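# Chain and residue survey
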Amino acid sequence: MKNAHDIIVRPHITEKSMKMSYGDPSVRDEKQLVRKYTFIVATSANKLEIKAAVEAIYNAGKSKKDELIKVENVRTMTMHGKKRRVGARTGYRPDQKKAIVTLAQGQLLEDYGV
């Protein structure tokens, strides 16, 4: 069994990912918002492991059932390493895997990106 912190490497903070984390601006009711968060994950992790890791990390220390985070959907993509050159040597950056995690309606991650 893998550790949750070994699966989730770090949050992927960009302008686009932060916009997705705020939800759809046309929805007025806060409880109807569907938020998506982006993480850099281990390249060997699958969707079920990513879902369990996000829920384990963000539900740690919470006791009330209404406070628990529920992951609805996980989408993954592999970002292949770019070609790099230092002097006469050429090589590649390492491959990375990115996961877009969709939470249930009305839920949010308080410490995302901290």
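What you see is a predicted model; the values in this text were computed from it and never measured.

### Digging into the overall build of the protein
Regarding its fold elements, the protein presents three helices and six strands. On the principal axes, the C-alpha backbone points of the protein span a range of 55 × 40 × 20 Å. The burial tally for the protein puts 31% of its 114 residues in the buried class. Pairs at least 24 residues apart make up 67% of the contacts formed inside the protein by residues separated by at least 6 positions.

### Details of the environment of Pro 94
Residue placement: Pro 94 occurs in the loop between strand E5 (89-92) and strand E6 (96-103). Taking relative accessible area as the criterion, Pro 94 reaches 65% and is therefore assigned exposed. Along the sequence, Pro 94 and Lys 82 sit 12 residues apart, while their C-alpha atoms lie 7.9 Å from each other.

### What about the nonpolar core?
If you look at the biggest cluster of nonpolar residues, it comprises 20 residues, and the most contacted ones within it are Ile 8, Phe 39, Ile 50, Val 54, Val 101 and Leu 109. Breaking this core down by element, the ones donating at least two residues are helix H1 (4-7), strand E2 (36-41), helix H3 (47-59), strand E3 (71-79) and E6. Tallying contributions element by element places H3 first for this core, with four residues. In contact with Leu 109, not counting residues within four places along its chain, are Tyr 37, Phe 39, Tyr 58, Ile 69 and Leu 103.

### Quick word on the sheet that holds E6
The strands that make up a sheet are held in pairs by hydrogen bonds between backbone atoms, and each pair lies either parallel or antiparallel. Strands sit in the order E1-E2-E6-E3 across an open sheet of four strands; the sheet is antiparallel. Each edge of the open sheet carries a strand with a single partner, namely strand E1 (8-11) and E3. On average, each strand axis in the sheet is inclined to that of its neighbour by 30 degrees, with strand direction left out of account. Sheet analysis places E2 next to E6, joined by six bridges and oriented antiparallel. Counted as the bridge partner of Phe 39 is Ala 99 from E6. Strands E1, E2, E3 and E6 of the sheet are contacted by H3, whose axis makes an angle of about 120 degrees with E3.

### Re the confidence of the model for the protein
When pLDDT is low, close inspection of the predicted coordinates is not appropriate. Averaged over every residue, the pLDDT of the protein is 91; residues scoring 70 or more account for 97%. Mean pLDDT per element in the protein: helix H2 (residues 15-22) is the minimum at 91, and E3 is the maximum at 97.

### Notes on the pairing of E2
Counting buried positions along E2 yields five of six residues, so the element is predominantly enclosed. Inspection of the sheet shows E1 paired to E2 by three bridges, in the antiparallel sense. In the sheet register, Pro 11 faces E2, and the bridge partner there is Phe 39.

### Notes on the pairing of E5
Alignment of strand E4 (residues 83-86) against E5, held across four bridges, turns out to be antiparallel. Each bridged residue has a counterpart across the sheet, and for Lys 83 the counterpart in E5 is Tyr 92. Counting the residues between successive antiparallel strands, the hairpin from E4 to E5 contains two residues, one of them, Gly 87, with a positive phi of roughly 65 degrees.

Definitions and cut-offs
- Counting of residues starts from 1 at the beginning of each chain's written sequence and follows it residue by residue.
- Residue-level local features of this predicted model are given only where pLDDT is at least 70; pairs of side-chain atoms are given and counted only at 80 or more, and the full residue set underlies all totals for whole chains, interfaces and linings.
- The basis for every side-chain value is the complete set of non-hydrogen atoms in the structure, without hydrogens or water.
- In this text, helices come from DSSP runs of H or I with a minimum length of four residues, and strands from runs of E with a minimum of two, each type numbered from the N-terminal end.
- Note on exposure labels: buried denotes an accessible area under 20% of the residue type's maximum, exposed denotes more than 50%, and partly exposed covers the range between, all computed with a 1.4 Å probe on protein chains only.
- We call two residues in contact when some of their heavy atoms are within 4.5 Å.
- Side-chain atoms within 4.5 Å link the members of a nonpolar core, which is a set of buried Ala, Val, Leu, Ile, Met, Phe, Trp, Tyr and Cys residues.
- Strands are labelled as partners when DSSP assigns at least two bridges between them.
- Whenever a helix is involved, its axis is fitted only over the stretch in contact; in every case the axis is a line through C-alpha atoms, and angles between N-to-C directions fall within 0 to 180 degrees.
- Confidence of the prediction at every residue is given by pLDDT, a number between 0 and 100.

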